[in-house]
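Given next are the chains, with one letter for each unit.
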Amino acid sequence: QVQLVESGGGLVQPGGSLRLSCAASGSIGSIYDMGWYRQAPGKQRELVATITRGGSTNYADSAKGRFTISRDYAKNTIYLQMNSLKPEDTAVYYCNADITTMRGRSDYWGQGTQVTVSS
C-alpha cells in the first residue's frame, strides 16, 4: 500500500511564505511525475506545479515566479516553497504522484493540507 502524507500548511499573512512537504511511503517500485494541486472552496481542483522523474518542472501561471517545486529522490519527497502568498492562494493543497507497485502503475493522492492566507 502507498501513502502520500502532506505537511506544512497553516495560516500565514499576505506576503508571507510557507513550505509544504509530501512524503511517499509504502511498497513503492518507481515514482514518476509528482505534483501539487489545490482546491479552494466552491472551486475545482487545479494544478499548481509538477515535477517529472527527470526533474523537469511545470507551473500554473498563478504560481510562476512565486512558488518553487523541488524533489528529494532519496526521501521520495517533494516540496513546494510558496513565497509572496496572496489571499487567493487559500485552498487545500494536495500532493499527487504517479507510482508503480507490484500491482501496477497508479495515481495516488494525499489527504490534503490547508493553507490559509489572511491578515
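The present account deals with the structure reproduced in this document. Since the model is a prediction, treat every value here as computed from it, not as a measurement.

### Some thoughts on the packing of aromatic side chains
Here is step 1 of the chain: Going through the model one piece at a time under the given rule, you end up with 1 aromatic pair.
Here is step 2 of the chain: Taking 5.1 Å as the distance between ring centres and 65° as the angle between the ring planes, the aromatic pair formed by Tyr37 and Trp109 counts as edge-to-face. On the criterion of sequence distance, the pair formed by Tyr37 in strand β4 (residues 30-39) and Trp109 in strand β10 (residues 104-109) is long-range, its members being 72 residues apart.
Here is step 3 of the chain: Judged by relative accessible area, Trp109 falls into the partly exposed class, the value being 36%.
Here is step 4 of the chain: Sitting over the face of the ring of Tyr94, Arg45 holds its NZ or CZ atom 3.7 Å from the ring centroid.
Here is step 5 of the chain: Cation over ring: Arg105 sits above Tyr32, and NZ or CZ is 3.8 Å from the ring centre.

### Remarks on the state of the cysteines
Here is step 1 of the chain: What the rule picks out here adds up to 1 disulfide.
Here is step 2 of the chain: A sulfur-sulfur separation of 2.0 Å characterises the disulfide bridge that pairs Cys22 with Cys95. In this structure, the disulfide formed by Cys22 and Cys95 twists by about -75° around the S-S bond and is classed as left-handed. Taken together, the residues Cys22 in strand β3 (residues 18-26) and Cys95 in strand β9 (residues 91-101) connect sequence positions 73 residues apart. Each member of the pair, Cys22 as well as Cys95, is classed as buried.

### Things to note about the sheet that holds strand β8 (residues 77-82)
Here is step 1 of the chain: The 4 strands lie next to each other as β1-β3-β8-β7, forming an open sheet whose pairing is antiparallel. Bordering the open sheet on either side are β1 (2-7) and β7 (67-72), each of which pairs with just one other strand. Pairs of neighbouring strands in the sheet enclose a mean axial angle of 15°, with direction left out of account.
Here is step 2 of the chain: Relative to β3, β1 runs antiparallel, the two sharing 6 bridges. What sits directly across from Ser7, in β3, is Ser21.

Thresholds applied
- Residues numbered from 1 in each chain as written.
- Predicted model: local features only at pLDDT ≥ 70, side-chain atom pairs only at ≥ 80, totals over all residues.
- Heavy atoms only, no water.
- Phe/Tyr/Trp six-rings, centres within 6.5 Å; stacked < 30°, edge-to-face > 60°.
- Helix = DSSP H or I, 4+ residues; strand = E, 2+ residues; numbered from the N terminus.
- Buried < 20%, exposed > 50% of the residue type's maximum accessible area, 1.4 Å probe, protein only.
- Lys NZ or Arg CZ within 6 Å of the ring centre and 35° of its normal.
- Disulfide = S-S within 2.5 Å.
- Pairing = 2+ DSSP bridges.
- Axes fitted to C-alpha atoms, helices over the stretch in contact; angles between N-to-C directions.

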